[in-house]
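# Observations on chain architecture
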Amino acid sequence: MIIIGLLNLYFIKNNGRGTMTAAILNKDFVEQIEKAKENNSLIFFIGAGVTASQGYSSWNDYVRHLIEYWKYNFDKLKSEYPYKTDWISQLDWLEKSTFSNERKVDIVRYLVKKYAKQSVFEDEVLSFERQYFNELVPVSSQNLILNQLARIPAIYITTNYDSQIEKSLKQQLEVEPFAIHSTESFGKYLVNNEINSPTSTVIHLHGDTFVKSSNFISSSKSYSDLYYKDSDENLLFFKKIKDFLIGKTIVFLGYGLEEDQVLAKLNLSRKNVSAYALMKRGQKFDNLIEDYYKERQFIQIEWYGTSFDDLPKYVEKLADRINGFEKDSNLIQLKNMLQAEAYEDE
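Residues numbered from 1 in each chain as written. Predicted model: local features only at pLDDT ≥ 70, side-chain atom pairs only at ≥ 80, totals over all residues. Heavy atoms only, no water.

## Describing the pattern of salt bridges
Counted under the stated rule, the structure contains 15 salt bridges. Of the charged contacts, one joins Asp320 and Arg151 as a salt bridge, the two residues approaching to 2.6 Å between their closest N and O atoms. Linking Asp320 in helix H16 (residues 310–322) with Arg151 in the loop between helix H9 (144–149) and strand E2 (155–158), this pair joins segments that are 169 residues apart in sequence. Between Glu176 and Lys170 there is a salt bridge whose closest N-O contact spans 3.0 Å. Look at Glu176 and you get partly exposed, because its relative accessible area is 49%. Judged by relative accessible area, which is 45%, Lys170 ranks as partly exposed. Look at the salt bridges and you will find they share partners, linking Glu68, Lys71, Asp92 and Glu95 into a network. (Salt bridge = Lys/Arg side-chain N within 4 Å of Asp/Glu carboxyl O. Helix = DSSP H or I, 4+ residues; strand = E, 2+ residues; numbered from the N terminus. Buried < 20%, exposed > 50% of the residue type's maximum accessible area, 1.4 Å probe, protein only.)

Structure, rendered in structure tokens:
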């Protein structure tokens, strides 16, 4: 009670300013995560927002850079056609067009296939992505969110193309994580609807740069083929992933929850699947958002704070609690703050 009073006094004195803005952990949420951890049924679903914290570019930037790359790398295609100004003009037009990003990627793929020598197409069509998502060094070498998540045993599913999850797991656990690079290979590693792997597993739902181009889901055609084409391969994959998710607890992080085709295929409405999403407060009608996702998408929103900078702190608190040695960080932080103020007053 004394500590709480001092904390309130500190924030009243400072008009609410300070660094302790991460939300208080929801007791029911923590208990669900603890239970899932003990049952080896915890899944973290990682979106682009998590790696964006390291300085990775947005989806818009990726598409813009992709078009720019192909303007000046025509020689990689070993084409029988001459390198004409038309090639650059077409890509200039495409970059300025109002097509969706997915359609722009699709048209780039079409042009590459049209002009490339058949024998080099598969090797070169993802040459930009291999540089962009594998070789490009992010602004920050450390991902504070993933580093804290790595302290909680879990399986990872991601729609990201980069390998930052694997890098963080390897750094924190000193073990090479097991990566499933595409939907095509997912079923090979299932035994009784569970993944047969001795280490942390990362499932790349939309592929990564180690797959063939047909398994790299970034264009409108590839999205359509995966989510709307009822091929035998797709039906089998989504049946397997639905079976795999039975009894699991899924936590979305850095994910906008706006890809309805993904959410629909995960089939979160089932009673034997628990789904949560960590989201930032700040919308005018946060309660509306919370009620909508709970009632229509079957996802429980957990608010982690009012700034994206609060997410690493929130995940750290969660990892501390789950691992049973939660630090009394509030007391330590309060002591440091009061000491700093005392020096200033002197």
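Next comes the rest of the description.
## Regarding the pairing of strand E1 (residues 42–46)
The element E1 is largely enclosed, with a buried count of five among its five residues. Of the two faces of E1, the one carrying Leu42, Phe44 and Ile46 and the one carrying Ile43 and Phe45 are both buried. Across five bridges, the pairing between E1 and strand E7 (residues 249–253) is parallel. Considered in E7, the bridge of Ile43 is made with Ile250. Bridge count for E1 against E2 is four bridges, and the pairing is parallel. (Pairing = 2+ DSSP bridges.)

## Looking at the side chain of Thr201
Its location among the elements puts Thr201 in strand E6 (residues 201–204). Those residues in contact with Thr201 that sit more than four places away from it in its chain are Ile155, Tyr156, Phe178, Ile180 and Ile195. (Contact = heavy atoms within 4.5 Å.)

## Observations regarding the nonpolar core
In terms of nonpolar packing, the biggest core is built from 62 residues, with Phe244, Phe252, Leu257 and Ile299 touching the most fellow members. Among the elements that line this core, the one with the most residues is helix H4 (residues 59–71), at six residues. With near-sequence residues (within four places) excluded, Phe252 lies in contact with Phe45, Leu257, Leu263, Leu266, Leu268, Ala275, Tyr276, Ala277, Leu278 and Ile299. With 31 residues, the next largest nonpolar core counts Ile33, Val50, Tyr304 and Leu318 among its residues. (Core = buried A, V, L, I, M, F, W, Y, C linked by side-chain atoms within 4.5 Å.)

## As for the sheet that holds E6
Spatially, E3-E6-E2-E1-E7-E8-E9 is the arrangement adopted by the seven strands of the open sheet, whose pairing is parallel. Every interior strand has two partners, whereas the edge strands, strand E3 (178–180) and strand E9 (300–305), have only one. The sheet shows a mean angle of 20° between the axes of neighbouring strands, direction not considered. In the packing of helix H2 (residues 27–38) onto the sheet, the strands contacted are E1, E7, strand E8 (274–280) and E9, and the crossing angle to E7 comes to about 120°. In this fold H16 packs onto E7, E8 and E9, with an angle of close to 110° to the strand it touches most, E9. (Axes fitted to C-alpha atoms, helices over the stretch in contact; angles between N-to-C directions.)

## Observations concerning the packing of aromatic side chains
Summed over all chains, the structure comprises 29 aromatic pairs. In this structure an aromatic cluster arises from ring pairing among Trp59, Tyr62, Tyr69, Trp70, Phe128, Tyr132, Phe133, Tyr161 and Phe216. If you follow Lys248 out to its NZ or CZ, it ends over the ring of Phe244, 4.5 Å from the centre. (Phe/Tyr/Trp six-rings, centres within 6.5 Å; stacked < 30°, edge-to-face > 60°. Lys NZ or Arg CZ within 6 Å of the ring centre and 35° of its normal.)

## A short note on helix H5 (residues 85–96)
Its twelve residues give H5 an end-to-end C-alpha distance of 17 Å, which sits within 8% of 16 Å, the value for a rise of 1.5 Å per residue. By the burial criterion, the buried members of H5 are Trp87, Leu91 and Leu94. Seen end-on, H5 carries its buried residues on one side only, within an arc spanning 55°. Of the exposed residues in H5, the ones pointing more than 90 degrees away from its buried face are Thr85, Asp86, Trp93 and Lys96. Turning to H5, the residues buried within the fold contact H4 and helix H6 (101–115). (Expected span 1.5 Å × (residues − 1). Arc of directions from axis to C-beta.)

## Topic: the confidence of the model for the protein
With 87% of its residues at a pLDDT of 70 or more, the protein shows a mean pLDDT of 86. In the model, residues 1–20 has pLDDT below 50 throughout and makes 22 contacts with residues more than four positions away in sequence or in other chains. (pLDDT = per-residue confidence, 0-100.)

## Considerations on unusual backbone geometry
The phi angle at Leu257 is positive, at roughly 60°, despite the residue not being glycine. With relative accessibility at 2%, the residue Leu257 sits in the buried group. Despite not being glycine, Asn267 shows a phi value in the positive range, around 55°. Its place among the elements puts Asn267 in the loop between helix H14 (260–266) and E8.

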